[in-house]
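A structural walkthrough
Here's the letter readout for the chains.
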Amino acid sequence: MTIKLSEVISVLESGSRPKGGVKEGQEGIPSLGGEHLSKEGGFNFSKLKMITHEFYSNMKRGKIEIGDILIVKDGATTGKVAIVREDFPFKEAAINEHLFRIRVDSDKAVQEYIFRYLQSPLGQLQILSSFRGAAIGGINTSFVDRVSIDLPPLDEQKRIAAILNKADEIIKSVANHEEVTEKFLDSLFNDSFHSCLNEESNWVPLSEVAEVIDCRHWTPEYIGEGKPILRNSDIVGGELLLERCKLISQKDFDYMTSDGRLPQPNDLLFSRNASVGKSILLSDQEFALGQDLVLIRSDTIDSRFLWKFFLSQHFMRQVNRMLTGSTFKRIDLKKLRNMNVPAPSQIEVANFNSAFKLYQNLKSKRKTDLNNLFLRQYFLNLLDKLKCSEKKIYFF
């Protein structure tokens, strides 16, 4: 059965804030906005803002309850959704004017199922089809009449929601292992190079141990098919997203990669403008350097050591001291070449590289992605065992 979202909800409302806004750190009742919803459907309370108890008690709308679905209604993150579960840490909390609060009629639908549907690519597509406005656009309450949902019987909704919740648990578990793995490498790095990291008097300028290769200061024409050119924005979460790169002609690619600018395995890729400090140890990826990116290539210092050093507080302290610019921070190429780096001994490097292999094994076993096809297929198979038709789960 296909229904409109408006047919199964009992509450649809937004919240408010006092005149003059709210402040971080003051005592009171938490007031949540779009910035407090995480992309995973939970919450981020790192920059919590408060309203007074008096204002909260006088609110007619926007008081959060367990089971609520919250949706960002305007701005860049319009459509982002979260659900308030039993582990929500606040007994009293409210939403501001940038969120919608939805409650589902439990006689018609399961709250977790509706949340999962709205969180899915299909649900997001339907929500955003109601987006209006240019500068700071958004959605209004009529969006619930434009979202169509395939609604199986209540028991089946519960089973589907339970399976997708289990998927979340596994994904979070893998993510936690990823975090532990990275901390393991940090510990290896600090232990292996403790001596040279703490003897700054023996550090040398980067230019003495590595070649710093700047990009071409030219932007070629982008085309439909061709060779990838990597921009700063194509580096996300320590990964190169080559599939989203702009493409350029072979002729322009040859020019952009000439004079030693073609990335090589074990080169270090470094961003020196806007998002300063992104550092990637390259393998065999093929791309041209876009603006604000440099390659660091060395035959005299271990590339894995250099990569971890560039990510360390030791190096970033130097970078922060030398940043220029007000709106967009950047580091001058000459200053980058003059940055001081340690020169580890061969024994230190050998010990680290031996342990680094263990890190790589751990990372390869733990590495996953929310769009991992194997994980998705696993849960589709589970759903199939529950005799859910493909039509009823196509939103997953």
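For clarity, every value in this text was computed on a predicted model and none was experimentally measured.

Here the focus is the overall build of the protein. Looking only at helices and strands, the protein has 12 helices and 21 strands in total. The burial tally for the protein puts 44% of its 396 residues in the buried class. Residue pairs at least 24 apart in sequence account for 75% of intrachain contacts in the protein once pairs closer than 6 positions are excluded. Entry remark: accessible area of the protein is about 21300 Å², with carbon and sulfur atoms responsible for 50%.

Attention now goes to the pairing of strand β9 (residues 99-104). With 5 of 6 residues buried, β9 lies mostly within the body of the structure. Pairing of strand β2 (residues 9-14) with β9 involves 5 bridges; the strand directions are antiparallel. Note that in β9 the partner of Ser-14 across the bridge is Phe-100. By the bridge criterion, 4 bridges tie strand β6 (residues 69-72) to β9 in an arrangement that is antiparallel.

As a further point, take the environment of Val-341. Following the sequence through the fold, Val-341 ends up in strand β21 (residues 340-341). For Val-341, a relative accessible area of 0% corresponds to the buried category. Linking Val-341 and His-314, residues 27 residues apart in sequence, is a C-alpha distance of 9.0 Å.

Turning our eyes to something else, we now look at the pairing of strand β4 (residues 29-32). The alternating pattern of β4 places Ile-29 and Ser-31 on one face and Pro-30 and Leu-32 on the opposite face, and all of these are buried. As paired elements, β4 and strand β5 (residues 49-51) share 3 bridges and run antiparallel to each other. Bridging across to β5, Pro-30 finds its partner in Met-50. Inspection of the sheet shows β4 paired to strand β8 (residues 94-95) by 2 bridges, in the parallel sense. Within β8, the residue paired with Leu-32 across the bridge is Ile-95.

Reading the values: the criteria
- Residues numbered from 1 in each chain as written.
- Predicted model: local features only at pLDDT ≥ 70, side-chain atom pairs only at ≥ 80, totals over all residues.
- Heavy atoms only, no water.
- Helix = DSSP H or I, 4+ residues; strand = E, 2+ residues; numbered from the N terminus.
- Buried < 20%, exposed > 50% of the residue type's maximum accessible area, 1.4 Å probe, protein only.
- Contact = heavy atoms within 4.5 Å.
- Areas by Shrake-Rupley, 256 points an atom, 1.4 Å probe, with all protein chains shown as cover.
- Pairing = 2+ DSSP bridges.

All quantities given are derived from atomic positions and should not be read as evidence of function.
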